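A closer look at the structure
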Amino acid sequence: MVPLWMYLAVGAALFCIGAYTVLSRKNAIAILMGIELMLNAVNLNLVGFWRYQAPENMSGQAFAAFVLVIAAAEAAVGLAIIIAVYRSRRSVVVEDVDLLRW
Amino acid sequence: MVIGGITPEAFAFGLFTILTLGGALGVALNRNLVRGAVWLIVSLFGMAGLFVLLSAPFLAAVQVLVYIGAIGILITFAVMLTRSMTNLRERFTNQWWMSAIVAGLFFLFLLLGVVAPVWGSLSPDQAPAIVGTTEQLGVSFVDGNQFVLPFEVVSLLLTAAIIGAIVIARHQEEEE
(Lines give C-alpha, C1' and ligand atoms only; values in the text may rest on other atoms or scores of the structure.)
Protein backbone atom coordinates (compact mmCIF):
# COMPACT_ATOMS: atom_id res chain seq x y z
CA MET A 1 0.00 0.00 0.00
CA VAL A 2 1.26 3.47 -0.84
CA PRO A 3 1.87 5.37 2.43
CA LEU A 4 -0.11 8.51 3.21
CA TRP A 5 2.84 10.89 3.07
CA MET A 6 3.31 10.18 -0.64
CA TYR A 7 -0.21 11.41 -1.40
CA LEU A 8 0.41 14.47 0.77
CA ALA A 9 3.69 15.13 -1.04
CA VAL A 10 1.91 14.97 -4.42
CA GLY A 11 -0.71 17.37 -3.05
CA ALA A 12 1.99 19.74 -1.81
CA ALA A 13 3.77 19.69 -5.18
CA LEU A 14 0.52 20.29 -7.06
CA PHE A 15 -0.42 23.18 -4.76
CA CYS A 16 2.96 24.85 -5.27
CA ILE A 17 2.80 24.45 -9.05
CA GLY A 18 -0.65 26.05 -8.94
CA ALA A 19 0.61 28.86 -6.73
CA TYR A 20 3.50 29.47 -9.13
CA THR A 21 1.03 29.63 -12.04
CA VAL A 22 -1.13 32.18 -10.20
CA LEU A 23 1.87 34.33 -9.26
CA SER A 24 3.76 34.26 -12.54
CA ARG A 25 1.05 34.69 -15.19
CA LYS A 26 -0.47 37.86 -16.60
CA ASN A 27 -3.38 36.26 -18.40
CA ALA A 28 -6.49 36.03 -16.21
CA ILE A 29 -7.54 32.65 -17.68
CA ALA A 30 -4.12 31.17 -16.85
CA ILE A 31 -4.46 32.48 -13.30
CA LEU A 32 -7.85 30.75 -13.07
CA MET A 33 -6.24 27.48 -14.22
CA GLY A 34 -3.68 27.83 -11.43
CA ILE A 35 -6.48 28.26 -8.91
CA GLU A 36 -8.11 25.06 -10.20
CA LEU A 37 -4.82 23.20 -9.66
CA MET A 38 -4.59 24.49 -6.09
CA LEU A 39 -8.20 23.44 -5.34
CA ASN A 40 -7.39 19.97 -6.70
CA ALA A 41 -4.36 19.69 -4.44
CA VAL A 42 -6.52 20.48 -1.42
CA ASN A 43 -9.04 17.85 -2.55
CA LEU A 44 -6.30 15.24 -2.78
CA ASN A 45 -5.23 16.04 0.79
CA LEU A 46 -8.82 15.81 2.05
CA VAL A 47 -9.46 12.44 0.41
CA GLY A 48 -6.02 11.12 1.45
CA PHE A 49 -6.56 11.97 5.11
CA TRP A 50 -10.08 10.53 4.90
CA ARG A 51 -8.80 7.21 3.52
CA TYR A 52 -5.99 6.76 6.06
CA GLN A 53 -7.49 8.31 9.19
CA ALA A 54 -11.27 7.82 9.23
CA PRO A 55 -12.51 5.83 6.21
CA GLU A 56 -15.71 4.69 7.92
CA ASN A 57 -16.84 8.31 8.43
CA MET A 58 -17.84 10.01 5.16
CA SER A 59 -16.86 13.58 6.19
CA GLY A 60 -13.66 13.63 4.10
CA GLN A 61 -15.35 12.68 0.85
CA ALA A 62 -18.30 14.99 1.56
CA PHE A 63 -15.92 17.93 2.13
CA ALA A 64 -14.11 17.12 -1.12
CA ALA A 65 -17.46 17.05 -2.96
CA PHE A 66 -18.33 20.50 -1.54
CA VAL A 67 -14.94 21.85 -2.62
CA LEU A 68 -15.68 20.52 -6.10
CA VAL A 69 -19.04 22.34 -6.24
CA ILE A 70 -17.44 25.59 -5.08
CA ALA A 71 -14.73 25.15 -7.71
CA ALA A 72 -17.38 24.77 -10.42
CA ALA A 73 -19.21 27.91 -9.24
CA GLU A 74 -15.93 29.82 -9.05
CA ALA A 75 -14.94 28.79 -12.57
CA ALA A 76 -18.33 29.80 -14.01
CA VAL A 77 -18.40 33.24 -12.36
CA GLY A 78 -14.68 33.86 -12.94
CA LEU A 79 -14.83 33.08 -16.64
CA ALA A 80 -18.01 35.17 -17.03
CA ILE A 81 -16.22 38.13 -15.43
CA ILE A 82 -13.20 37.59 -17.68
CA ILE A 83 -15.43 37.60 -20.78
CA ALA A 84 -17.25 40.74 -19.58
CA VAL A 85 -13.93 42.49 -18.92
CA TYR A 86 -12.65 41.41 -22.33
CA ARG A 87 -15.76 42.96 -23.96
CA SER A 88 -15.24 46.33 -22.35
CA ARG A 89 -11.43 46.58 -22.29
CA ARG A 90 -10.35 44.25 -25.14
CA SER A 91 -7.86 42.58 -22.84
CA VAL A 92 -7.58 39.67 -20.41
CA VAL A 93 -4.20 40.78 -19.03
CA VAL A 94 -4.78 41.53 -15.37
CA GLU A 95 -2.47 44.57 -15.44
CA ASP A 96 -4.74 46.31 -17.97
CA VAL A 97 -7.75 46.09 -15.67
CA ASP A 98 -6.94 49.10 -13.49
CA LEU A 99 -10.26 50.95 -13.46
CA LEU A 100 -10.46 50.92 -9.67
CA ARG A 101 -6.84 51.95 -9.20
CA TRP A 102 -5.92 55.45 -8.01
CA MET B 1 1.13 -10.22 -6.96
CA VAL B 2 4.41 -8.34 -7.24
CA ILE B 3 6.04 -7.80 -10.61
CA GLY B 4 9.68 -6.77 -10.52
CA GLY B 5 9.44 -5.49 -6.95
CA ILE B 6 6.66 -3.05 -7.81
CA THR B 7 3.09 -3.75 -6.77
CA PRO B 8 0.38 -2.84 -9.32
CA GLU B 9 -0.90 -0.22 -6.91
CA ALA B 10 2.48 1.48 -6.62
CA PHE B 11 2.82 1.39 -10.40
CA ALA B 12 -0.62 2.99 -10.84
CA PHE B 13 0.23 5.58 -8.19
CA GLY B 14 3.44 6.51 -10.03
CA LEU B 15 1.63 6.71 -13.37
CA PHE B 16 -1.17 8.95 -12.06
CA THR B 17 1.32 11.09 -10.15
CA ILE B 18 3.30 11.66 -13.34
CA LEU B 19 0.06 12.54 -15.19
CA THR B 20 -1.06 14.94 -12.43
CA LEU B 21 2.22 16.75 -11.84
CA GLY B 22 3.30 16.66 -15.50
CA GLY B 23 -0.02 18.17 -16.57
CA ALA B 24 0.30 20.82 -13.86
CA LEU B 25 3.81 21.70 -15.04
CA GLY B 26 2.44 21.92 -18.58
CA VAL B 27 -0.14 24.45 -17.35
CA ALA B 28 2.48 26.43 -15.46
CA LEU B 29 5.13 26.61 -18.19
CA ASN B 30 3.22 26.54 -21.49
CA ARG B 31 2.87 29.90 -23.18
CA ASN B 32 0.04 28.81 -25.46
CA LEU B 33 -3.24 28.92 -23.51
CA VAL B 34 -5.05 26.30 -25.60
CA ARG B 35 -2.25 23.83 -24.92
CA GLY B 36 -2.36 24.92 -21.29
CA ALA B 37 -6.05 23.97 -21.16
CA VAL B 38 -5.26 20.52 -22.60
CA TRP B 39 -2.49 20.02 -20.02
CA LEU B 40 -4.97 21.03 -17.32
CA ILE B 41 -7.32 18.27 -18.50
CA VAL B 42 -4.42 15.76 -18.36
CA SER B 43 -3.67 16.85 -14.80
CA LEU B 44 -7.32 16.56 -13.73
CA PHE B 45 -7.52 13.09 -15.27
CA GLY B 46 -4.49 11.97 -13.26
CA MET B 47 -6.20 13.32 -10.16
CA ALA B 48 -9.28 11.19 -10.95
CA GLY B 49 -6.98 8.15 -11.04
CA LEU B 50 -5.54 9.04 -7.64
CA PHE B 51 -9.11 9.24 -6.29
CA VAL B 52 -9.74 5.70 -7.55
CA LEU B 53 -6.58 4.52 -5.75
CA LEU B 54 -7.89 6.18 -2.57
CA SER B 55 -11.12 4.13 -2.96
CA ALA B 56 -13.29 7.16 -3.70
CA PRO B 57 -14.91 6.07 -7.00
CA PHE B 58 -17.76 8.60 -6.77
CA LEU B 59 -15.34 11.51 -6.52
CA ALA B 60 -13.32 10.10 -9.43
CA ALA B 61 -16.44 9.97 -11.62
CA VAL B 62 -17.49 13.47 -10.55
CA GLN B 63 -13.95 14.69 -11.21
CA VAL B 64 -14.16 13.45 -14.81
CA LEU B 65 -17.71 14.76 -15.32
CA VAL B 66 -17.46 18.16 -13.64
CA TYR B 67 -13.80 19.07 -14.01
CA ILE B 68 -12.90 17.58 -17.38
CA GLY B 69 -16.39 17.73 -18.87
CA ALA B 70 -17.51 21.13 -17.62
CA ILE B 71 -14.61 23.24 -16.38
CA GLY B 72 -12.20 22.05 -19.07
CA ILE B 73 -14.70 22.91 -21.80
CA LEU B 74 -15.56 26.23 -20.09
CA ILE B 75 -11.89 27.27 -19.98
CA THR B 76 -11.40 26.25 -23.61
CA PHE B 77 -14.43 28.36 -24.55
CA ALA B 78 -13.08 31.34 -22.63
CA VAL B 79 -9.72 30.98 -24.36
CA MET B 80 -11.44 30.89 -27.77
CA LEU B 81 -13.72 33.86 -26.99
CA THR B 82 -10.73 36.00 -26.02
CA ARG B 83 -8.76 34.75 -28.99
CA SER B 84 -6.99 37.97 -29.90
CA MET B 85 -5.20 37.80 -26.58
CA THR B 86 -4.13 34.19 -26.93
CA ASN B 87 -2.43 34.81 -30.25
CA LEU B 88 0.08 37.01 -28.50
CA ARG B 89 3.04 35.24 -27.05
CA GLU B 90 1.73 35.01 -23.56
CA ARG B 91 3.99 36.91 -21.20
CA PHE B 92 5.01 36.04 -17.71
CA THR B 93 5.20 38.78 -15.11
CA ASN B 94 8.58 40.33 -14.38
CA GLN B 95 8.54 38.70 -10.96
CA TRP B 96 8.34 35.14 -12.33
CA TRP B 97 11.67 34.18 -10.77
CA MET B 98 10.49 35.56 -7.44
CA SER B 99 7.28 33.51 -7.77
CA ALA B 100 9.39 30.42 -8.49
CA ILE B 101 11.48 31.00 -5.37
CA VAL B 102 8.38 31.54 -3.23
CA ALA B 103 6.65 28.44 -4.62
CA GLY B 104 9.80 26.34 -4.21
CA LEU B 105 10.39 27.44 -0.63
CA PHE B 106 6.73 26.80 0.18
CA PHE B 107 7.01 23.32 -1.32
CA LEU B 108 10.07 22.53 0.79
CA PHE B 109 8.22 23.79 3.86
CA LEU B 110 5.17 21.62 3.11
CA LEU B 111 7.38 18.60 2.33
CA LEU B 112 9.16 19.03 5.65
CA GLY B 113 5.80 19.08 7.42
CA VAL B 114 4.67 15.96 5.53
CA VAL B 115 7.80 13.80 5.80
CA ALA B 116 9.35 14.88 9.11
CA PRO B 117 7.25 14.07 12.20
CA VAL B 118 6.87 17.73 13.12
CA TRP B 119 3.16 17.49 13.92
CA GLY B 120 3.30 14.02 15.45
CA SER B 121 3.26 10.74 13.52
CA LEU B 122 0.02 11.38 11.64
CA SER B 123 0.93 9.33 8.56
CA PRO B 124 0.26 5.60 8.86
CA ASP B 125 1.71 3.36 6.18
CA GLN B 126 -1.32 1.07 6.09
CA ALA B 127 -4.80 2.28 5.28
CA PRO B 128 -7.62 0.74 7.32
CA ALA B 129 -9.36 -2.12 5.54
CA ILE B 130 -12.90 -0.86 6.23
CA VAL B 131 -13.92 1.79 3.74
CA GLY B 132 -17.11 3.82 3.53
CA THR B 133 -19.02 3.18 0.31
CA THR B 134 -20.61 5.55 -2.18
CA GLU B 135 -23.97 4.51 -0.75
CA GLN B 136 -22.91 5.78 2.69
CA LEU B 137 -21.73 9.02 1.08
CA GLY B 138 -25.13 9.49 -0.54
CA VAL B 139 -26.91 8.79 2.75
CA SER B 140 -24.66 11.27 4.58
CA PHE B 141 -25.77 14.00 2.17
CA VAL B 142 -29.45 13.60 3.06
CA ASP B 143 -29.04 12.56 6.70
CA GLY B 144 -30.42 15.19 9.07
CA ASN B 145 -27.52 14.60 11.48
CA GLN B 146 -24.80 14.97 8.87
CA PHE B 147 -24.64 17.13 5.74
CA VAL B 148 -28.19 17.90 4.67
CA LEU B 149 -27.95 21.62 5.49
CA PRO B 150 -24.56 22.24 3.78
CA PHE B 151 -25.84 20.18 0.85
CA GLU B 152 -28.90 22.41 0.37
CA VAL B 153 -26.88 25.59 0.90
CA VAL B 154 -24.28 24.54 -1.66
CA SER B 155 -26.95 23.70 -4.24
CA LEU B 156 -28.50 27.16 -3.75
CA LEU B 157 -25.04 28.71 -4.08
CA LEU B 158 -24.37 26.84 -7.31
CA THR B 159 -27.71 27.95 -8.79
CA ALA B 160 -27.03 31.56 -7.79
CA ALA B 161 -23.49 31.40 -9.24
CA ILE B 162 -24.69 30.00 -12.58
CA ILE B 163 -27.46 32.62 -12.91
CA GLY B 164 -24.92 35.29 -11.96
CA ALA B 165 -22.50 34.00 -14.58
CA ILE B 166 -25.24 34.19 -17.28
CA VAL B 167 -26.15 37.75 -16.26
CA ILE B 168 -22.51 38.94 -16.19
CA ALA B 169 -21.52 37.39 -19.50
CA ARG B 170 -24.66 38.49 -21.41
CA HIS B 171 -24.53 41.20 -24.07
CA GLN B 172 -25.66 44.45 -22.47
CA GLU B 173 -26.60 46.51 -25.53
CA GLU B 174 -29.28 44.11 -26.86
CA GLU B 175 -31.75 45.02 -24.12
CA GLU B 176 -33.46 48.38 -24.26
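Quantities reported herein were computed from a predicted structural model and do not represent experimental measurements. (Residues numbered from 1 in each chain as written. Chains lettered and ligands numbered in written order. Predicted model: local features only at pLDDT ≥ 70, side-chain atom pairs only at ≥ 80, totals over all residues.)

1. Remarks on the overall build of chain B
Looking only at helices and strands, chain B features seven helices and zero strands. Of the regular secondary structure in chain B, the N- to C-terminal order runs α-α-α-α-α-α-α. Counting all 176 residues of chain B, 25% fall into the buried class. (Helix = DSSP H or I, 4+ residues; strand = E, 2+ residues; numbered from the N terminus. Buried ≥ 20, exposed ≤ 12 C-beta atoms within 10 Å, placed from the backbone.)

2. A few points about the overall build of chain A
Regarding its fold elements, chain A presents three helices and zero strands. Counting helices and strands in the order they occur from the N terminus, chain A gives α-α-α. Computed over its C-alpha atoms, the radius of gyration of chain A comes to 17 Å, more than 25% above the 13 Å expected for a compact globule of 102 residues. Along the first, second and third principal axes, the C-alpha atoms of chain A reach 50 × 25 × 20 Å. Here chain A holds 102 residues, and the buried ones make up 55% of them. (Rg over C-alpha atoms; globule rule 2.2 N^0.38 Å.)

3. What about the packing of helix α1 (residues 4–24) of chain A against helix α1 (residues 8–29) of chain B?
The contact between α1 of chain A and α1 of chain B brings their axes to 9 Å, and the two run at 10°. One element, α1 of chain A, and the other, α1 of chain B, form an angle in the roughly parallel class. Side by side, α1 of chain A and α1 of chain B meet where M6, V10, A13, L14, I17, G18, Y20 and T21 of chain A of the first sit next to F13, T17, T20, L21, A24, L25, V27 and A28 of chain B of the second. The class makeup of the residues in the contact of α1 of chain A with α1 of chain B is twelve nonpolar, four polar and no charged. (Axes fitted to C-alpha atoms, helices over the stretch in contact; angles between N-to-C directions. Parallel < 35°, antiparallel > 145°, perpendicular 65-115°, else oblique. Contact = placed C-beta atoms within 7 Å. Nonpolar A, V, L, I, M, F, W, Y, C, P; charged D, E, K, R; others polar.)

4. With respect to the interface of chain A and chain B
Each partner contributes residues to the interface: chain A has 59 residues there, and chain B has 72 residues. For the side of chain A that touches chain B, the elements supplying multiple residues, two or more each, are α1, α2 (28–53) and α3 (59–89) of chain A. Take the side of chain A that touches chain B: its biggest share by element is 19 residues, from α3 of chain A. The class makeup of the residues in the side of chain A that touches chain B is 45 nonpolar, nine polar and five charged.

5. Notes on α1 of chain A
With 21 residues, α1 of chain A extends 30 Å from end C-alpha to end C-alpha; this agrees with the ideal 30 Å at 1.5 Å per step. In terms of residue burial, α1 of chain A counts as a mostly covered element, since 17 of its 21 residues are buried. (Expected span 1.5 Å × (residues − 1).)

6. Some details on the nonpolar core
Residues L14, I29 and V47 of chain A together with F51 and I75 of chain B are the most contacted members of the largest nonpolar core, which totals 71 residues. Counting residues domain by domain, this core receives three or more from each of domain 1 (1–88) and domain 2 (132–176) of chain B. Among all residues touching I29 of chain A, those that are not within four sequence positions of it are I82 and V92 of chain A together with L33, I75, A78 and V79 of chain B. (Core = buried A, V, L, I, M, F, W, Y, C linked by C-beta atoms within 7 Å. Domains from an automatic or database assignment.)

7. Here's the deal with the environment of H171 of chain B
For H171 of chain B, the location among the structural elements is in the segment after α7 (148–169). In this structure the C-alpha to C-alpha distance between H171 of chain B and L110 of chain B, which are 61 residues apart in sequence, comes to 45 Å.

8. What to know about the confidence of the model for chain B
Confidence in the prediction for chain B averages 81 pLDDT; 81% of positions are at 70 or higher. For this predicted complex, the interface score ipTM comes out at 0.89, alongside a pTM of 0.87. (pLDDT = per-residue confidence, 0-100.)

9. Observations concerning the packing of α2 of chain A against helix α3 (residues 57–81) of chain B
In the contact formed by α2 of chain A and α3 of chain B, the axes pass within 11 Å of each other and the chain directions differ by 170°. In terms of their interaxial angle, α2 of chain A and α3 of chain B are classed as roughly antiparallel. Seen from α2 of chain A, the contacting residues are I29, M33, E36 and V47 of chain A; seen from α3 of chain B, they are L59, I71, I75, A78 and V79 of chain B.

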